[in-house]
Amino acid sequence: MAEYDIDLFVIGGGSGGVRAARIAASYGAKVMIAEEYRMGGTCVIRGCVPKKLFVIGSHVRQELEDAAGFGWTVPQASFDWPTLIANKDEEIARLEAAYTVNVEKSGARVVKTRAVFEDSHTLRLATGETVKADHVLIATGGAPDHGAEIPGIEHVISSNDAFHLPELPRRVVIQGGGYIALEFAGIFSGFGSDVTVIYRGDNILRGFDEDIRVQVRAEMEKRGITILTRCTVTKVARHGKEFTTHLSNGSSIASEQVMFAIGRIPNVANLGLEKAGVAINPKNGGIAVDGWSKTSVPHIYAIGDVTHRRNLTPVAIREGHAFADTVFGKRPVRVDHATIPTAVFSQPEVGTVGLTETEARAQFSHVDIYKATFRPIKATMSGRDTRVLMKLVVDGVSDRVLGCHIIGDAAAEIIQAVAIAVKMKARKADFDATLALHPTAAEELVTMRVPTARHVRQAAE
Ligand SMILES: Cc1cc2nc3c(=O)[nH]c(=O)nc-3n(C[C@H](O)[C@H](O)[C@H](O)COP(=O)(O)OP(=O)(O)OC[C@H]3O[C@@H](n4cnc5c(N)ncnc54)[C@H](O)[C@@H]3O)c2cc1C
């Protein structure tokens, strides 16, 4: 140990780095964790948490609109963007402080500075100080990627900027069809902006179940969001406080903000990885790791978004925890990346776990689909034109539930519980044996008796 100043140096104080530092320290390791921006990382500072607060805030509009059908007369409501931003900033600052305190309480030392490799065991801090570590964990996360340079790209904001806009834009153009683009479309629209989503593919939410993709789009359009597919932004021109977004289909749109949410890149640049001998995965541009999150250098590990596997907070946390257990807890833990539940906090919300219908039909010879779309009870009196979707994808041979896909209020909350059953390899018969809880939307998951479709793959001749 005398050879090294510390047992573990963690680069990055985000979801994964913080968990790894705390658990390693709890095993008695001497740990230092460096954060160049704000403790808590993307999720806490400019991701999941402020995003969800914005979603909750913007959803209030719908509650107010729906109230009339239940007898409420709501006086003319008004919304103040600066109040939202200030209150959000206060909450994020509280969380940031809590993260720092909790890491320090675990015994790890927090250094608020950038750290890069000098060699495979030596880290150089921005202060000039160098630290020698027995093990290093790279947990530097990722950053928004605006894609190819187009004229006027400097006018385009990312999700990072969207959390700090001085005022609510009257009109917003958002390029992207993934969860971040759609969540911000719902946020801006809910607060009252006129929103246009631009997506290059056939339909939004690539990779999600087809029924989800079609219905989310329809529901968002019903709420007044314009979704233009099969086109891209080719140029953004500024005229004072207004922008003109030119599209590949020859049309153009005026707005006060243009946001891109078209992808994220792992933070691997200028880290000194070449000095340390750490290899990049040529397939995704992230740090190459094995099933234990070990890089090409045996004492250097990488977890979370910087490895570009499944870029989600609980995944980064699980990988960080598993790393600490394996290396410092003498308890080898390998993260199982199968069956990860995810949500899209669009309005309405999406919750999904397991295989899509397309994936299941590619992997299984017999696939049964149970699907229900219906008007939620609230809409019967609010008068809102909206539908819930509940879908189960079942292996027709073993009766195992392979996937569950939901659109509607609390879809994310429901799917978290359903994920336990799917992870446990529950059968459709187990769902059927479970009594319904009435009146809920989720009861549909245990009352769908007859398949709406049955797919049998013919054996190859
Ligand atoms: C808008 C948005 C919404 C999201 N919503 C969700 C959601 O609802 N649910 C979900 O599960 N996930 C969500 N995510 C993804 C989630 O935020 C990430 O998967 C998660 O934060 C990854 O954790 P991490 O530890 O890998 O990296 P990060 O949390 O990004 O942390 C990396 C940290 O490293 C620091 N750093 C980088 N380089 C250095 C260096 N050289 N020296 C010192 N520090 C450095 C960075 O400043 C950063 O704080 C969202 C992301 C975004 C952008």
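All values reported here derive from a predicted model rather than from experimental measurement. (Residues numbered from 1 in each chain as written. Predicted model: local features only at pLDDT ≥ 70, side-chain atom pairs only at ≥ 80, totals over all residues. Heavy atoms only, no water.)

Side note on the sheet that holds strand β13 (residues 252-255)
So, point 1. Spatial strand order, β11-β12-β13: three strands in an open sheet with antiparallel pairing. Strand pairing shows two members of the sheet lacking a second neighbour, β11 (233-239) and β13, which therefore form its edges. If you compare each strand with its neighbour and ignore which way they point, the axes differ by 20 degrees on average. (Pairing = 2+ DSSP bridges. Helix = DSSP H or I, 4+ residues; strand = E, 2+ residues; numbered from the N terminus. Axes fitted to C-alpha atoms, helices over the stretch in contact; angles between N-to-C directions.)

Notes on the layout of surface pockets
So, point 1. A volume near 400 Å³ is recorded for the second largest pocket.
So, point 2. Where the lining of the second largest pocket is concerned, the elements lending two or more residues are α3 (48-67), α11 (377-382), β20 (388-395) and β21 (401-407).
So, point 3. Ranked by the residues each element gives to the lining of the second largest pocket, the list is headed by α11, at four residues.
So, point 4. When the residues that make up the lining of the second largest pocket are grouped by side-chain class, the tally is 13 nonpolar, six polar and nine charged. (1 Å grid on protein atoms, 1.4 Å probe; cavity = no way out; pocket = protein on both sides within 12 Å on 5 of 7 lines; lining within 4 Å. Points joined across faces, edges and corners; volume = space filled by probe spheres on them. Nonpolar A, V, L, I, M, F, W, Y, C, P; charged D, E, K, R; others polar.)

Concerning the sheet that holds strand β9 (residues 194-199)
Strand pairing within a sheet occurs via backbone hydrogen bonds; the two strands may be parallel or antiparallel.
So, point 1. The sheet built from four strands is open, its strands ordered β10-β9-β8-β14 with parallel pairing. Looking at which strands have only one partner, the edges of the open sheet turn out to be β10 (226-229) and β14 (257-260). Mean inter-strand twist for the sheet, computed between neighbouring axes without regard to direction, equals 15 degrees.
So, point 2. Pairing analysis gives four bridges linking strand β8 (residues 171-175) to β14, with the strands arranged parallel. Across the sheet, Val172 pairs through a bridge with Gln257, a residue of β14.

What to know about the environment of Arg310
So, point 1. For Arg310, the location among the structural elements is in the loop between β16 (300-302) and α9 (313-328).
So, point 2. Once the C-alpha coordinates of Arg310 and His366 are considered, the two residues, 56 residues apart in sequence, prove to be 28 Å apart.

What about the nonpolar core?
So, point 1. Counting 36 residues, the largest nonpolar core has Ile174, Phe184, Phe188 and Val216 as its most contacted members.
So, point 2. Going through the elements one at a time, α3, α4 (81-105), β8, α6 (179-191), β9 and α7 (210-222) are the ones with two or more residues in this core.
So, point 3. The element best represented in this core is α6, accounting for eight residues.
So, point 4. In this view, Val216 contacts Leu182, Ile204, Leu205, Ser346, Val350 and Ile407; residues no more than four positions away in its chain are not counted.
So, point 5. In terms of nonpolar packing, the next biggest core, distinct from the first, is built from 24 residues, Met32, Val111, Leu125 and Leu273 among them. (Core = buried A, V, L, I, M, F, W, Y, C linked by side-chain atoms within 4.5 Å. Buried < 20%, exposed > 50% of the residue type's maximum accessible area, 1.4 Å probe, protein only. Contact = heavy atoms within 4.5 Å.)

Topic: the pattern of salt bridges
So, point 1. Considering all chains together, one arrives at 33 salt bridges under this definition.
So, point 2. Ionic pairing is found between Arg170 and Glu256, a salt bridge with its closest N-O pair at 3.7 Å. Here Arg170, found in the loop between α5 (159-162) and β8, pairs with Glu256, found in the loop between β13 and β14; they are 86 residues apart in sequence, far enough to count as distant.
So, point 3. Between Asp430 and Arg427 there is a salt bridge; the shortest N-O distance is 3.2 Å.
So, point 4. Among the residues examined, Asp430 registers a relative accessible area of 32% and is labelled partly exposed.
So, point 5. Taking relative accessible area as the criterion, Arg427 reaches 37% and is therefore assigned partly exposed.
So, point 6. The network of salt bridges with common partners includes Arg61, Glu63, Glu65, Asp66, Lys378 and Arg384. (Salt bridge = Lys/Arg side-chain N within 4 Å of Asp/Glu carboxyl O.)

Section: a nonpolar patch on the surface
So, point 1. A cluster of nonpolar side chains, Val60, Leu64, Phe70, Trp72, Val74 and Met381, forms an exposed patch at the surface whose accessible area comes to about 580 Å².
So, point 2. By the element assignment, Leu64 lies in helix α3. (Patch = residues over 30% accessible without salt bridge, like charges linked within 9 Å, V, L, I, M, F, W, Y side chains within 5 Å. Areas by Shrake-Rupley, 256 points an atom, 1.4 Å probe, with all protein chains shown as cover.)

Remarks on the site of the ligand
So, point 1. The full set close to the ligand counts 37 residues, and Gly16, Glu35, Thr42, Lys51 and Asp305 are the nearest of them.
So, point 2. Between the ligand and Ser15, the relevant distance is 3.3 Å, taken from an oxygen atom to a main-chain nitrogen or oxygen of the residue.
So, point 3. For the ligand, whose accessible area on its own is 1000 Å², the fraction buried by protein is 95%.
So, point 4. When contributions to the shell around the ligand are tallied by element, the ones reaching two or more residues are α1 (15-26), α2 (41-46), α3, α6 and α9.
So, point 5. The element contributing the most residues to the shell around the ligand is α2, with four residues.
So, point 6. Here the residues of the shell around the ligand are counted per class, giving 14 nonpolar, 15 polar and eight charged.
So, point 7. Counting only domains with at least three residues in the shell around the ligand, you end up with domain 1 (6-144 + 265-327) and domain 2 (153-262). (Near = heavy atom within 4 Å. Polar contact = N/O pair within 3.5 Å; in protein donor to acceptor, adjacent residues only side chain to side chain. Domains from an automatic or database assignment.)

Looking at α3
Each α-helix turn comprises 3.6 residues. Residues three or four places apart therefore point the same way.
So, point 1. Here α3 is 20 residues long and its end C-alpha atoms lie 28 Å apart, about the 28 Å a rise of 1.5 Å per residue gives.
So, point 2. For α3, the complete set of buried residues consists of Pro50, Lys51, Phe54, Val55, Ser58, His59, Gln62, Asp66 and Ala67.
So, point 3. Along its buried surface, α3 packs onto α2, α4, α5, α6 and α11. (Expected span 1.5 Å × (residues − 1).)

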